[in-house]
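# Breakdown of the fold
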Amino acid sequence: MIAAGPRFAIPSIPGLDEAGLWTAYDVIQLVKLPKSMVVIGGGAVGCDLGKALARVRVKVTLVEAADRPLRAEQPEASEAVTTAIGAAGIDMYTGAAVQRRDVG
């Protein structure tokens, strides 16, 4: 899932289309939930959807390119969200670049 903000800018990651890309709009319309999901983007949308999915037992991994989630907000907000994300059982990687990985 891409959660890059209110306007979805799809990052240029080779293989992303083939992986089954969903935006936040796609996720909120799901009828059947996946067992796991990687959320690319640690802004408000990514953090909110990640927490919501974790509450319904989806295994969530959140990947953020910046050194902290909610990078546009005050550091205290990032700390609070980081604590809540950890308490929800979400794996979060900050300062991380997403790239193609062929499995096989």
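Residues numbered from 1 in each chain as written. Predicted model: local features only at pLDDT ≥ 70, side-chain atom pairs only at ≥ 80, totals over all residues. Heavy atoms only, no water.

### Topic: the overall build of the protein
What counts, and what does not: Each helix corresponds to a stretch of at least 4 residues labelled H or I by DSSP, and each strand to a stretch of at least 2 residues labelled E; elements are numbered beginning at the N terminus. Between the two quantities, the radius of gyration covers C-alpha atoms and the globule rule is 2.2 Å times the number of residues to the power 0.38. Only protein chains enter the area calculation, which uses a 1.4 Å probe; residues under 20% of their type maximum are buried, those over 50% are exposed, and those in between are partly exposed.
Of the regular secondary structure elements, the protein holds three helices and three strands. Put simply, the protein runs from its N terminus to its C terminus through helices and strands in the order α-β-α-β-α-β. In terms of C-alpha radius of gyration, the protein reaches 13 Å, essentially the compact-globule figure of 13 Å for 104 residues. By principal-axis analysis of the C-alpha atoms, the protein measures approximately 40 × 30 × 30 Å. Within the protein, buried positions represent 33% of all 104 residues.

### Considering the pattern of salt bridges
Stated formally: Think of a salt bridge as a Lys or Arg side-chain nitrogen and an Asp or Glu carboxyl oxygen that are within 4 Å of each other.
On inspection of all chains with the given rule, the structure shows two salt bridges. Between Asp91 and Lys59 there is a salt bridge, with the nearest N and O atoms lying 3.1 Å from each other. Taken as a pair, Asp91 in strand 3 (residues 91-94) and Lys59 in strand 2 (residues 59-64) lie far apart in primary sequence, 32 residues in all. Given the relative accessible area of 32%, Asp91 is considered partly exposed. Residue class for Lys59 comes out partly exposed when judged on its relative accessible area of 39%. Where Arg71 meets Glu64, a salt bridge forms, and the shortest distance between an N and an O atom there is 2.4 Å. Take Arg71: its relative accessible area is 53%, and that puts it in the exposed class. Residue Glu64 is classed as buried on the basis of its relative accessible area, which comes to 3%.

### Concerning the environment of Pro11
Mapped onto the elements, Pro11 comes out in the segment before helix 1 (24-28). Residue class for Pro11 comes out partly exposed when judged on its relative accessible area of 29%. Put simply, Pro11 and Glu79 are 68 residues apart on the chain and 26 Å apart in space, counted from C-alpha to C-alpha.

### Quick look at the sheet that holds strand 1 (residues 36-40)
The criterion, for reference: Strand pairing is assigned whenever DSSP detects at least two bridges linking the two strands. In this analysis an axis means a line fitted to C-alpha atoms, helices contributing only their contacting stretch, and an angle means the value between N-to-C directions, from 0 to 180 degrees. Throughout, a contact is declared for two residues whenever any of their heavy atoms are within 4.5 Å.
With parallel pairing, the three strands of this open sheet are ordered in space as 1-2-3. Taken across any chain shown, the strands that pair with only one partner, and hence form the sheet edges, are strand 1 and strand 3. Taken over all neighbouring pairs, the strand axes of this sheet differ in orientation by 15° on average, direction set aside. Of the strand pairs in this sheet, strand 1 and strand 2 are connected by five bridges, and their pairing is parallel. Bridging across to strand 2, Ile40 finds its partner in Val63. Of the strands in this sheet, strand 1 and strand 2 are in contact with helix 2 (residues 44-55), which crosses strand 2 at around 165°.

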